[in-house]
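# Report on the structure
Below, each chain spelled out in residue letters.
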Amino acid sequence: MDHFLYRNGILHAEDVPIPEIVAAVGTPVYVYSAATLTRHFRLFDEALGAMPHLVCFAIKSNSNLAVLKLLGSLGAGMDVVSGGEYRRAKAAGVPGERIVFSGVGKTPEEIRLALTGGIRQFNVESEPELLAISRIAAELGLRAPVALRVNPDVDAQTHEKIATGKSENKFGIPIAKARDVYAMAAALPGIEVIGIDVHIGSQLTQLEPFEAAFRKVRALTEALRADGHDIRRLDLGGGLGIPYTRSNEAPPLPVEYVGVIRETLGDLGCEIEIEPGRLISGNAGILVSSVIYLKEGEGRNFLIVDAAMNDLVRPSMYGAWHDIVPVLEPAPGTPLAPLDVVGPVCETGDTFARARALPPLAAEDVVAFRSAGAYGAVMASEYNSRPLVPEVLVSGDQFAVIRPRPSFEEMLGRDTIPEWL
Ligand code: LLP
């Protein structure tokens, strides 16, 4: 459920009519709903209930400071994967003890930044990284709290570009090798082993892969405890999928996902961390775009909109399906006709949808791409010298621009021409 609904024939974000935002900010623009973000965070937080836990929002899915501030104020922790994301979490007021640092290639600078600024734990992905963290922590006179990310060799049954839990993927330490690496970690001067981390992929629409991975984590917890390690925290990653279409998908609910956690790991006495991104932010955002032209082609018609692959790359990158709805609700019974919805960027990949059944649309009509709050704005670029897409946050009947559209001067002003040219 989200808060983007038609009222009196006009699409609203909570209590704000989308045309009002368009009049103030123009298009394309991302619009987020604070109530939806809040609701989705609480679904996890409340399902975990009395189990000791921390829901760490995966910043990579939506890193706007206002979004982070909102979630942080609800008690969320943050999952960061770069020094930039760590700085964002801090700038949004989230304390280090609620920030976990994931990612396969943390640099010495990033490790130092987190150790000096405060960190809940590093999720470590390799032996060389473990050695680097130990060395830097020891230099600083610290012991770094560490969970090792294990690769459970489980098929997440999701898009190949976002599956991470198979042995052929670049992520984590093979689970079969884990006991040796934990023994090595325990002997390092700058390391304090506190737990286990696992993340098998994103947009998972079934519970079985989670269950298989969590059962392996359980067996490993028992084996490591028998080896003398104090395993007290389990970070189970993110990955729960969302419905992108209105009818044919019904991914498991957070409460069902948490049920699997409870059943597989609930009696181990460990604190549970999860790192959801998409489920919190995905359906809390839409991308609003205006029609530039309707172009009648040979055998197919193209709806050319002012958003493009640089603003929302998911359809061209993963073949992702985003619901497209007109901001003015079509009258009941309006006939639908197939349209290719495309952006102005100069490559065929700049296609949002092919032969999508849509009501009649014409230049200057406004449409919304739904489920665009996760991996939308964060993956935007300036390809074709299109300024970064702005972002707006709605709460009740108020809205605020939380990232303005940069001017062309700002965009050009970042380049410098050497004196010798
Ligand atoms: N934790 C780790 C270690 C991750 O790598 C990820 C996502 C998450 C948590 C959050 O996963 P989520 O709950 O959002 O599924 N750009 C792609 C998705 C990439 C996901 C990368 N890792 C897309 O647009 O589908």
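Attention here is on the structure that accompanies the text. Bear in mind the structure is a predicted one, so any value in this text is a computation, not a measurement.

## Focus on the overall build of the protein
Counting its secondary structure elements, the protein contains 12 helices and 21 strands. By the compact-globule yardstick of 22 Å for 421 residues, the protein fits well, its C-alpha radius of gyration being 23 Å. Judged by the C-alpha coordinates and their principal axes, the protein covers about 70 × 60 × 40 Å. Buried positions account for 55% of the 421 residues belonging to the protein. Of the contacts made within the protein by residues no fewer than 6 positions apart, 70% connect residues no fewer than 24 positions apart. Total accessible area computed for the protein in this model is approximately 17,800 Å², and 54% of it derives from carbon and sulfur atoms. Each charge sign in the protein was given a centre, from 39 positive and 53 negative side chains, and these centres are 3 Å apart.

## Re the site of the ligand
Ser202, Glu275, Arg314, Tyr318 and Tyr375 are the nearest of the 18 residues found near the ligand. Contacts to the ligand include Glu275, whose side-chain N or O atom sits 2.6 Å from a nitrogen atom. Between an oxygen atom of the ligand and a side-chain N or O atom of Tyr375, the distance comes to 2.6 Å. Protein contacts shield 92% of the accessible area of the ligand, which totals 590 Å² for the unbound molecule. Looking at side-chain class alone, the shell around the ligand contains six nonpolar, six polar and six charged residues.

## Observations regarding unusual backbone geometry
Backbone geometry follows two general trends: most residues other than glycine have a negative phi, and most peptide bonds adopt the trans configuration. Following Thr27, the chain continues to Pro28 via a peptide bond in cis, the omega torsion being -5°. Within the element layout of this structure, Pro28 appears in the loop between helix H1 (18-25) and strand E4 (29-33). Its identity as a non-glycine residue notwithstanding, Asn8 has a phi of 50°, on the positive side. In this structure Asn8 comes out as exposed when scored by relative accessible area, which is 81%. Its identity as a non-glycine residue notwithstanding, Gln157 has a phi of 50°, on the positive side. Inspection of the secondary structure assignment puts Gln157 in the loop between strand E9 (144-151) and strand E10 (173-174). Judged by its relative accessible area of 45%, Gln157 falls in the partly exposed class.

## As for the pairing of strand E2 (residues 10-13)
Note: strand E1 (residues 4-7) against E2, four bridges, orientation antiparallel. Bridge pairing links Tyr6 to Leu11 in E2. In textbook terms, the turn of a hairpin is the stretch between consecutive antiparallel strands, and for E1 and E2 this stretch comprises two residues, one of which, Asn8, has a positive phi near 50°. Inspection of the sheet shows E2 paired to strand E3 (residues 16-17) by two bridges, in the antiparallel sense. Following the sheet pairing, His12 is matched in E3 by Pro17. Between E2 and the antiparallel strand that follows it, E3, lie two residues; Glu14 among them carries a positive phi value of about 50°.

## Remarks on the pattern of salt bridges
For the structure on display, the rule yields 24 salt bridges. Residue Arg232 pairs with Glu192 through a salt bridge whose shortest N-O separation is 2.7 Å. Taken together, the positions of Arg232 in the loop between helix H8 (208-226) and strand E12 (233-235) and Glu192 in strand E11 (residues 191-197) put the pair 40 residues apart, joining distant regions of the chain. A relative accessible area of 30% places Glu192 in the partly exposed class.

## Overview of the nonpolar core
One finds Met78, Phe122, Phe214, Leu234 and Tyr257 to be the most contacted residues of the largest nonpolar core, which totals 100 residues. The residues that make up this core include at least three from each of domain 1 (4-31 + 282-413) and domain 2 (103-274). One finds Val22, Val29, Val327 and Ala368 within the second-largest nonpolar core, a separate group that totals 18 residues.

## Focus on the packing of H8 against helix H9 (residues 254-265)
Interhelical geometry of H8 versus H9 gives an angle of 25° and a closest axis separation of 9 Å. Classified by the angle their axes make, H8 and H9 are roughly parallel. For the crossing formed where H8 meets H9, the hand is right-handed. Mapping the contact onto sequence places Phe210, Glu211, Phe214, Arg215, Val217 and Arg218 in H8 and Tyr257, Val260, Ile261, Glu263, Thr264 and Leu265 in H9. Grouping the constituent residues of the contact of H8 with H9 by class yields seven nonpolar, one polar and four charged.

## A word on the sheet that holds E2
Spatial strand order, E1-E2-E3: three strands in an open sheet with antiparallel pairing. Single-partner strands in this sheet number two, and they are E1 and E3.

## With respect to helix H2 (residues 34-48)
A rise of 1.5 Å per residue sets the reference length of H2, with its 15 residues, at 21 Å; its end C-alpha atoms lie 22 Å apart and thus fit the reference within 8%. Listed as buried for H2 are Ala34, Thr36, Leu37, Thr38, His40, Phe41, Phe44, Ala47 and Leu48. Phi turns positive one or two residues past the end of H2, at Gly49, with a value near 50°.

Cut-offs used in this document
- Residues numbered from 1 in each chain as written.
- Predicted model: local features only at pLDDT ≥ 70, side-chain atom pairs only at ≥ 80, totals over all residues.
- Heavy atoms only, no water.
- Helix = DSSP H or I, 4+ residues; strand = E, 2+ residues; numbered from the N terminus.
- Rg over C-alpha atoms; globule rule 2.2 N^0.38 Å.
- Buried < 20%, exposed > 50% of the residue type's maximum accessible area, 1.4 Å probe, protein only.
- Contact = heavy atoms within 4.5 Å.
- Areas by Shrake-Rupley, 256 points an atom, 1.4 Å probe, with all protein chains shown as cover.
- Lys, Arg positive; Asp, Glu negative; His and termini not counted.
- Charge placed at Lys NZ, Arg CZ, Asp CG, Glu CD.
- Near = heavy atom within 4 Å.
- Polar contact = N/O pair within 3.5 Å; in protein donor to acceptor, adjacent residues only side chain to side chain.
- Nonpolar A, V, L, I, M, F, W, Y, C, P; charged D, E, K, R; others polar.
- Pairing = 2+ DSSP bridges.
- Salt bridge = Lys/Arg side-chain N within 4 Å of Asp/Glu carboxyl O.
- Core = buried A, V, L, I, M, F, W, Y, C linked by side-chain atoms within 4.5 Å.
- Domains from an automatic or database assignment.
- Axes fitted to C-alpha atoms, helices over the stretch in contact; angles between N-to-C directions.
- Parallel < 35°, antiparallel > 145°, perpendicular 65-115°, else oblique.
- Left-handed = near helix turned anticlockwise from the far one by under 90°.
- Expected span 1.5 Å × (residues − 1).

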